[in-house]
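# Summary of the model geometry
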Amino acid sequence: MKILIVEDDLTSRMLLLEFLRDYGQTHVAINGEEAAEAVSISLEQKDPYDLICLDIMMPKVDGHEALKKIREMEESEGILSTKGSKIVMTTALDDLKNVTESYKNLCDGYLAKPIDGKKLIGELKKLELVE
Amino acid sequence: MTDDDYSEKIMVSTPWNYEAMMERMLHNTSIADTIIKLFLKDAPEQLKKLNNAINDENFKEIRQYSHSIKGSASNLGGEAMRSSASDMEQFALKKDLNRIKSIHPTLLAQYNELEELLIDYVENRD
């Protein structure tokens, strides 16, 4: 599995990396701008990410904007969002209200922070990325 | 006060919820050690940036840094610090400098308490 972790907070980033490293090749981006660049390269190489963990509140380009951009890039490559990368948005529990209906249609799941290993793996199972 | 309110009050006054942290980290002490050491290195830098943002009255940066501090404190189980950082983030959204300045010393004191507990853990675990 090819994984992209997009997270500006160092401890959250490292926790995700620790939990996901056994499941495949893992790349890291620290904001939405870097995430869009990584996805663009992966699409050019015809080797897209299977899973993207995308933080919502980040400086520069935030998670919502990045999500939209990623789906637009996939669409321009003829990939439907249902067939694109599985995107799990991560956000603090008290920020869940930031998650609006329009974005819900573009992503595949949500993970409330603090990062919880059991919940993360549960989400991957739900998305049928791991057994 | 309801039972839920009481639980919440106890929770936010806890400097370090070790059990909850280990549960989330799948009881993996190697992961816990890595994250604790990273936090001890990174948090002072984040607090310094937050301090500068408060002095500059830059509400966008106050929100950004308090949000980041909230996230890392919550990963560590630093419940009291997480709660104050969350309050500060809300005050930054409302551009309420007085309340930001009033909660800032509390946040710093909570970090110092958490830092002491984490250093003690790292030095005496083995």
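Attention in this report is confined to the structure presented alongside it. (Residues numbered from 1 in each chain as written. Chains lettered and ligands numbered in written order. Predicted model: local features only at pLDDT ≥ 70, side-chain atom pairs only at ≥ 80, totals over all residues. Heavy atoms only, no water.)

## Notes on the state of the cysteines
All names here are of chain A. This model, assessed by the stated rule, comprises 0 disulfides over all chains. No disulfide involves Cys-53; its sulfur sits 12 Å from the nearest other cysteine sulfur, which is in Cys-107. A relative accessible area of 1% places Cys-53 in the buried class. (Disulfide = S-S within 2.5 Å. Buried < 20%, exposed > 50% of the residue type's maximum accessible area, 1.4 Å probe, protein only.)

## Side note on the environment of Glu-44 of chain A
For Glu-44 of chain A, the location among the structural elements is in helix H2 (residues 32-44). Separated by 33 residues in the primary sequence, Glu-44 of chain A and Glu-77 of chain A place their C-alpha atoms 9.1 Å from one another. (Helix = DSSP H or I, 4+ residues; strand = E, 2+ residues; numbered from the N terminus.)

## Overview of the interface of chain B and chain A
Contacts between chain B and chain A engage 22 residues on the former and 18 residues on the latter. With both sides pooled, the region where chain B packs onto chain A buries about 1,900 Å², and carbon together with sulfur makes up 63% of that total. Contact with chain A buries area across many residues of chain B, yet Arg-24, His-67 and Asn-75 of chain B alone supply 29% of it, more than any other trio. Scanning the region where chain B abuts chain A turns up 0 salt bridges. Counting the contacts that link chain B with chain A gives 4 residue pairs in polar contact (both at pLDDT 80 or more). Mapped by element, the contributors of at least two residues to the side of chain B that touches chain A are helix H3 (29-55), helix H4 (59-76) and helix H5 (79-93) of chain B. (Contact = heavy atoms within 4.5 Å. Buried area = accessible area lost by both parts, 1.4 Å probe. Salt bridge = Lys/Arg side-chain N within 4 Å of Asp/Glu carboxyl O. Polar contact = N/O pair within 3.5 Å; in protein donor to acceptor, adjacent residues only side chain to side chain.)

## Side note on helix H5 (residues 117-126) of chain A
Listing the buried residues of H5 of chain A in full gives Gly-117, Leu-120, Ile-121, Glu-123 and Leu-124 of chain A. Down the axis, H5 of chain A shows its buried residues gathered within 155 degrees of arc, on one side only. Exposed side of H5 of chain A, more than 90 degrees from the buried face: Lys-118, Lys-119 and Lys-126 of chain A are the residues found there. Packing partners of the buried residues in H5 of chain A comprise helix H1 (10-20), strand S3 (51-55), strand S4 (86-92) and strand S5 (109-113) of chain A together with helix H2 (18-24) of chain B. One side-chain oxygen at the N-terminal end of H5 of chain A lies 3.0 Å from the backbone nitrogen of Lys-118 of chain A; it belongs to Asp-116 of chain A. (Arc of directions from axis to C-beta.)

## Looking at the sheet that holds strand S1 (residues 2-6) of chain A
Backbone-to-backbone hydrogen bonds pair the strands of a sheet. The strands run either parallel or antiparallel. Residue and element names in this part refer to chain A. Here 5 strands make up an open sheet; going across it, the order is S2-S1-S3-S4-S5 and the pairing parallel. In this open sheet, the two edge strands, each paired with only one partner strand, are strand S2 (25-29) and S5. Taken pair by pair, the neighbouring strands of this sheet meet at an average axis angle of 20 degrees, ignoring direction. When S4 meets S5, the two strands line up parallel, connected through 5 bridges. (Pairing = 2+ DSSP bridges. Axes fitted to C-alpha atoms, helices over the stretch in contact; angles between N-to-C directions.)

## Here we look at the pairing of S1 of chain A
Residue and element names in this part refer to chain A. Of all 5 residues that make up S1, 5 are buried, and the element is covered over most of its length. By the alternation rule, side chains of S1 split into Lys-2, Leu-4 and Val-6 and Ile-3 and Ile-5, which are all buried. One crossover worth recording links S1 to the parallel S2 by way of H1, and it is right-handed. Pairing of S1 with S3, which is carried by 4 bridges, proceeds in the parallel orientation. Each residue of the ladder has a partner; that of Leu-4, found in S3, is Ile-52. (Right-handed = clockwise from strand over helix to strand, strands pointing away.)

## What to know about the packing of aromatic side chains
The description of an aromatic ring pair rests on the distance of the ring centres and on the angle between the ring planes. Throughout the structure, instances matching the rule amount to 4 aromatic pairs over all chains. Here the aromatic rings of Tyr-18 of chain B and Tyr-121 of chain B are separated by 5.6 Å at their centres, their planes lie at 50 degrees, and the arrangement is tilted. In this pair, Tyr-18 of chain B is assigned in helix H2 and Tyr-121 of chain B in helix H6 (residues 97-124), connecting sequence segments 103 residues apart. Judged by relative accessible area, which is 29%, Tyr-18 of chain B ranks as partly exposed. Taken together through their ring pairs, the aromatic side chains of Trp-16, Tyr-18 and Tyr-121 of chain B make up a single cluster. Residue placement shows Lys-2 of chain A over the ring face of Tyr-49 of chain A; its charged tip is 4.8 Å from the ring centre. (Phe/Tyr/Trp six-rings, centres within 6.5 Å; stacked < 30°, edge-to-face > 60°. Lys NZ or Arg CZ within 6 Å of the ring centre and 35° of its normal.)

## So, the nonpolar core
Leu-20 of chain A together with Leu-50, Ile-62 and Met-81 of chain B are the most contacted members of the largest nonpolar core, which has 53 residues in total. In terms of residue count, the dominant contributor to this core is H3 of chain B (12 residues). One finds Ala-29, Val-61, Met-73 and Cys-107 of chain A within the second-largest nonpolar core, a separate group that totals 22 residues. (Core = buried A, V, L, I, M, F, W, Y, C linked by side-chain atoms within 4.5 Å.)

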